[in-house]
Amino acid sequence: VPRLLKDAAKSAVRKAARHGRLGAGRRMVETAALSSGLGYLSNWLVEEACFGAQYIRERRRDPSAEAAHRRKWKRQSANAVLGYGAAYALATVGMALGTVVKPGWGTIVGGAAGDLVGILLL
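To start, this report covers the structure provided alongside it.

About the thresholds
Residues numbered from 1 in each chain as written. Predicted model: local features only at pLDDT ≥ 70, side-chain atom pairs only at ≥ 80, totals over all residues. Heavy atoms only, no water. Helix = DSSP H or I, 4+ residues; strand = E, 2+ residues; numbered from the N terminus. Rg over C-alpha atoms; globule rule 2.2 N^0.38 Å. Buried < 20%, exposed > 50% of the residue type's maximum accessible area, 1.4 Å probe, protein only. Areas by Shrake-Rupley, 256 points an atom, 1.4 Å probe, with all protein chains shown as cover. Lys, Arg positive; Asp, Glu negative; His and termini not counted. Charge placed at Lys NZ, Arg CZ, Asp CG, Glu CD. Contact = heavy atoms within 4.5 Å. Patch = residues over 30% accessible without salt bridge, like charges linked within 9 Å, V, L, I, M, F, W, Y side chains within 5 Å. Salt bridge = Lys/Arg side-chain N within 4 Å of Asp/Glu carboxyl O. Expected span 1.5 Å × (residues − 1). Polar contact = N/O pair within 3.5 Å; in protein donor to acceptor, adjacent residues only side chain to side chain.

1. Observations concerning the overall build of the chain
Here comes step 1: Each helix and strand in the chain was counted, giving three helices and zero strands.
Here comes step 2: In the chain, the succession of α and β elements from N to C terminus is α-α-α.
Here comes step 3: Relative to the globule expectation of 14 Å for 122 residues, the C-alpha radius of gyration of the chain, 19 Å, shows a markedly less compact shape.
Here comes step 4: Projected onto its principal axes, the C-alpha positions of the chain cover 65 × 30 × 15 Å.
Here comes step 5: Buried residues in the chain amount to 36% of all 122 residues.
Here comes step 6: Carbon together with sulfur atoms contributes 66% to the accessible area of the chain, which is approximately 7,600 Å² in total.
Here comes step 7: Counting 19 positive and 8 negative side-chain charges, the chain places the averaged centre of each group 9 Å from the other.

2. Description of the side chain of H69
Here comes step 1: With respect to the element layout, H69 can be found in helix 2 (residues 66-101).
Here comes step 2: For H69, the contacting residues outside a window of four places in its chain are Y55, E58, R59 and D62.

3. With respect to a positive patch on the surface
Here comes step 1: A contiguous patch of positive charge on the surface is contributed by K10, R14, R18, R26 and R27.
Here comes step 2: Mapped onto the elements of the fold, R14 is located in helix 1 (residues 8-61).
Here comes step 3: Given the relative accessible area of 44%, R14 is considered partly exposed.

4. Focus: helix 1
Here comes step 1: Over its 54 residues, helix 1 runs only 46 Å from end to end, short of the ideal 80 Å by more than 12%, given 1.5 Å per residue.
Here comes step 2: Sitting at the head of helix 1, D7 places a side-chain oxygen 3.3 Å from the backbone nitrogen of A9.

This is the structure in structure tokens:
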């Protein structure tokens, strides 16, 4: 659990002091993936629960259109998986690249930029 709650910026500074910027950037891929994975997973699960509640509510209102409601839920879920997956992957890469540029602040800015690009793409 401590690895899941790690402060990525401080970890990047420590890694840069030990391994240099390029070595720290390479090692930050795993650290960034672990430290941000829990947040993305929890956001996705909450969104899926909201989609499920919406499906149940719509099915009760109009039982004759259940197939259409199911298709809508599948489309929403697929978009959520792709969006969160892209944001997670690009944020992880962004943290690593930001660490190469400036360990600490660069890690945070790179992660935020990668997250934003992932969201805007999908």
